[in-house]
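# Examination of the molecular architecture
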Amino acid sequence: MSPIRRGFTLVELLVVIAIIGVLISLLLPAVQQAREAARRMQCTNNLKQLGLAIHNYHDTHRSLPFPDMGVTYNSGHWVSSWGLAILPQMEQSAAYNLFDPTAANGVSDQANQVVVGTELTAFNCPSTPRGSGQIQGIIEDQSTTDLNNDFVAGTGDYFVARSFRDDTITPREIVGALFDGSYQSTVGFSAITDGLSNTMFFFERSNFPNVVKANGSPKDVSEYSYQQVVDTNFQGWWASTQHDRIRSWNFDGTIYYGPCVVNCTNDWGGAYSFHAGGMNASAGDGSVRFVSETVDKLTFRAFVGRNEGEVLGEF
Amino acid sequence: MIVYRTTVWALLGVAVLAGCNNRRAYETIPTIPTSGTITVNGVPAKGAIVRLYPKTKQAGVNSPLAPSGRADASGKFQLTTYSGPDGAPPGDYLVSIEWPDPAWRPPGGGMAPPPPDRLKGRFSNPQRSKIEVTIQEGDNEIEPIVLEEVAILKGSSLQ
């Protein structure tokens, strides 16, 4: 007779350890995904806030905000960006009241550093690896007095679409919400003849000024399509001209005009988020939709356009 | 026995890795890997973007697929339709060529128009470039694109 066994054999211990190991390896990715799901939800909520703010803005001003900052290119064309315009509707009246639209250098003026440098989490998507903070902004030199040479700006990940541009489709450009097509005047909800629920207002173009290709890998400077914008840090901060033509790209995110419209690059006109599988976008009715990476280009184009009269397919 | 166990663990590891490898799912039509070269006034046109516009509607796609490539320092380019050097679907194409000037900077900072084309837009419209190519099965190299006596944008270099 062998003695009564006490405790575990080595094999049993090893088996138990192996099972625990497998279980942990199953659990850890789930935890990471739960975190990302929470960040995505926060991001969705931010877009919802922007959608509601723009409705309140329209109620007050009977039009949508002028989307262009227009600070430098045509002098004398100073108007505020949509980010600045809707501050009162985002419960940021204090910041809005600090802003001096008559300052000689606009947002680059020392008088406006405090406002423009404000970090507002509502304009940032938590999934963006750059995080919410401050980046170097542009140096505007309309007037040399009071020019802010140490200009820093609060980051922003949300854009409005000026148009959808793709030279392989006819017509090659269709105009987006908030734009009259010429920068001459603002538009109201009545101009969005496709319907507010069928027209995109805000979308994600995350992580500026850090330019990435597909899968979030950094894009080399030699591969930039629009180096000037990156060099001058003209975008990526909420008070700036946070709008662009949305362009299609190839799936690598290396050359524009291709079959991909979501999550291939945040370079020139690329709609990009760090959410797995797609991007958040808010429609004119305030609803936030998740646009899949595999969305058909023409469907996405119809979603961007405000008056092209096409039936918006399912996506 | 040890060999057997190692094999089992290795197989398990492979299975787990394979499960994690979720590839992007998009529908494609067959493409033929294609490359070419481009020179402008005898100089390899580094950074030139060559784009192929289909002359007729392609079968099996909603919107036209326009393969494109960017020339490297030796003027050589690989066409991409979806990703990587996957080439172009077979067919007849009109070609457009743009050669953005990377040295150009907008005056005074600020939101700039697109960088100017060093070829002054001469070949940017596929209908007017007068360059055509045909991609067919087994044809892996399109005829070299040689542009001679092209007026170059003032202030731009060929490098």
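Owing to the predicted nature of the structure, the values given are computational and were not obtained by experimental measurement. (Residues numbered from 1 in each chain as written. Chains lettered and ligands numbered in written order. Predicted model: local features only at pLDDT ≥ 70, side-chain atom pairs only at ≥ 80, totals over all residues. Heavy atoms only, no water.)

## A closer look at the sheet that holds strand E3 (residues 49–54) of chain B
Residue and element names in this part refer to chain B. One open sheet holds the four strands; their spatial order is E4-E3-E6-E7, and the pairing between them is antiparallel. The open sheet is flanked by strand E4 (68–70) and strand E7 (132–135), the only strands paired with a single partner. The mean angle between the axes of side-by-side strands here comes to 30°, regardless of whether they run parallel or antiparallel. Bridge count between E3 and strand E6 (residues 91–98): six bridges; the pairing is antiparallel. Its bridge partner lying in E6, Val-50 is registered against Ile-97. (Pairing = 2+ DSSP bridges. Helix = DSSP H or I, 4+ residues; strand = E, 2+ residues; numbered from the N terminus. Axes fitted to C-alpha atoms, helices over the stretch in contact; angles between N-to-C directions.)

## Describing the nonpolar core
Counting residues in each nonpolar core, the largest one holds 38 residues, and the members touching the most others are Leu-50 and Phe-201 of chain A. For this core, the element with the highest residue contribution is helix H1 (residues 10–61) of chain A, accounting for six residues. (Core = buried A, V, L, I, M, F, W, Y, C linked by side-chain atoms within 4.5 Å. Buried < 20%, exposed > 50% of the residue type's maximum accessible area, 1.4 Å probe, protein only.)

## Observations regarding empty space enclosed by the protein
All names here are of chain A. Within the structure shown, the criterion is met by one cavity of 30 Å³ or more. Taken together, Phe-66, Pro-67, Leu-178, Phe-179, Asp-180, Tyr-183 and Ser-185 make up the lining of the largest cavity. Considered class by class, the residues forming the lining of the largest cavity number five nonpolar, one polar and one charged. (1 Å grid on protein atoms, 1.4 Å probe; cavity = no way out; pocket = protein on both sides within 12 Å on 5 of 7 lines; lining within 4 Å. Points joined across faces, edges and corners; volume = space filled by probe spheres on them. Nonpolar A, V, L, I, M, F, W, Y, C, P; charged D, E, K, R; others polar.)

## What about the state of the cysteines?
All names here are of chain A. Evaluated as defined, the whole model comprises two disulfides over all chains. Bridging Cys-43 to Cys-125, the disulfide has an S-S length of 2.5 Å. Handedness here is read from the sign of the S-S torsion; for Cys-43 and Cys-125, about -125°, the answer is left-handed. With Cys-43 in helix H1 and Cys-125 in the loop between helix H4 (113–116) and strand E1 (134–136), this pair connects stretches of sequence that are 82 residues apart. (Disulfide = S-S within 2.5 Å.)

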